[in-house]
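Residue-level listing of the chains:
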Amino acid sequence: MDGVEAVLFDVFGTVVDWHGSVVEELKRLPVSDAAINPDWQSAFATEWRKGYLENTARIAKGTNEEGPRSVDELHRQILDSMLSSPRWSQIGSSLDEAQRADLNLVWHRLHGWPDSAPGLNALKRHVLICSLSNGNVRLLADMAKFASLPWDIVFSAEMFASYKPNPAVYLGAMHHLSLDGKPEKCVMAAAHIWDLEAAAKLGMKTVYIPRPGEDKQLEFTVKTKDEGGFVDAIVHSISELAELFTAQA
């Protein structure tokens, strides 16, 4: 990691446990489980996330793609569509507008993985640490306070009017870091190979952080460049990533 000045982090799944956090809040809803699958909360969270991934990927393909550039708005559209569907209509009929609005903000209240806050605090002694997430700015700021994430800078795809993996998002962040034309001085850290592939194509260094439940559909083993792959490093926690910088200090 010689010469690196900033580490940019994917957030959902990489820094915070979106699935566990959303399921935890769904369990508090005033909904009877009697007529629903006992494990409905996990299925609901997964479907909500799937809608987010499909829509952000679609919008990222080009400027003419329709859809909100704020994830808060996108999440609410998906939520309302789900709650009006036959599968989830029983839950939808149990929630009033205030409850729906509060539920939509669950994405502002995601818990970090156990290593996230201590790892980020250790890492920021060496480099700038920044979010680079599809989450909107207010969502990421609220989440940082909730989960004690000590970002130096909050970068959101909302700032660049698209979503990852559109190159404009990565290039925009590097521009604001005054690192135009110096992608090798930036690391993209993520639990998702598609995110790292997009960053690598622009010359950024990449670190893969596998997390429970993420990249479940991956059909190959992730390897470092030394092993014949494309990522620069594979670590199993943000604390381990910080140790790479401590070792070279």
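Residues numbered from 1 in each chain as written. Predicted model: local features only at pLDDT ≥ 70, side-chain atom pairs only at ≥ 80, totals over all residues. Heavy atoms only, no water.

Chemist: Help me understand the packing of helix α1 (residues 18-26) against helix α2 (residues 40-60) in this model?
Modeler: Geometry of a packed helix pair, given as the angle between the helix axes and the separation of the axes. The geometry of α1 relative to α2 is characterised by a closest axis approach of 9 Å and an angle of 125° between their N-to-C directions. As far as their axial angle goes, α2 and α1 are oblique. Two packed elements cross with a definite hand, and for α1 against α2 that hand is right-handed. From α1, W18, H19, V22, V23 and L26 reach across to α2, where they touch W40, Q41, S42, F44, A45, T46, W48 and R49. When grouped by side-chain class, the residues that make up the contact of α1 with α2 number 8 nonpolar, 4 polar and 1 charged. (Axes fitted to C-alpha atoms, helices over the stretch in contact; angles between N-to-C directions. Helix = DSSP H or I, 4+ residues; strand = E, 2+ residues; numbered from the N terminus. Parallel < 35°, antiparallel > 145°, perpendicular 65-115°, else oblique. Left-handed = near helix turned anticlockwise from the far one by under 90°. Contact = heavy atoms within 4.5 Å. Nonpolar A, V, L, I, M, F, W, Y, C, P; charged D, E, K, R; others polar.)

Chemist: Any chance you could explain the pairing of strand β5 (residues 205-208) here in plain terms?
Modeler: Along any regular strand the residues' side chains alternate between the sheet's two faces. Of the two faces of β5, the one carrying K205 and V207 and the one carrying T206 and Y208 are both buried. As defined by bridge partners, strand β4 (residues 186-190) adjoins β5 across 4 bridges and the pair is classed as parallel. When the bridges of β5 are listed, A189 appears paired with V207. With helix α9 (residues 193-201) bridging β4 and its parallel neighbour β5, the resulting β-α-β unit is right-handed. Here 2 bridges tie β5 to strand β6 (residues 233-234), and the two strands are oriented parallel to one another. Bridge pairing in β6 links V207 to A233. (Buried < 20%, exposed > 50% of the residue type's maximum accessible area, 1.4 Å probe, protein only. Pairing = 2+ DSSP bridges. Right-handed = clockwise from strand over helix to strand, strands pointing away.)

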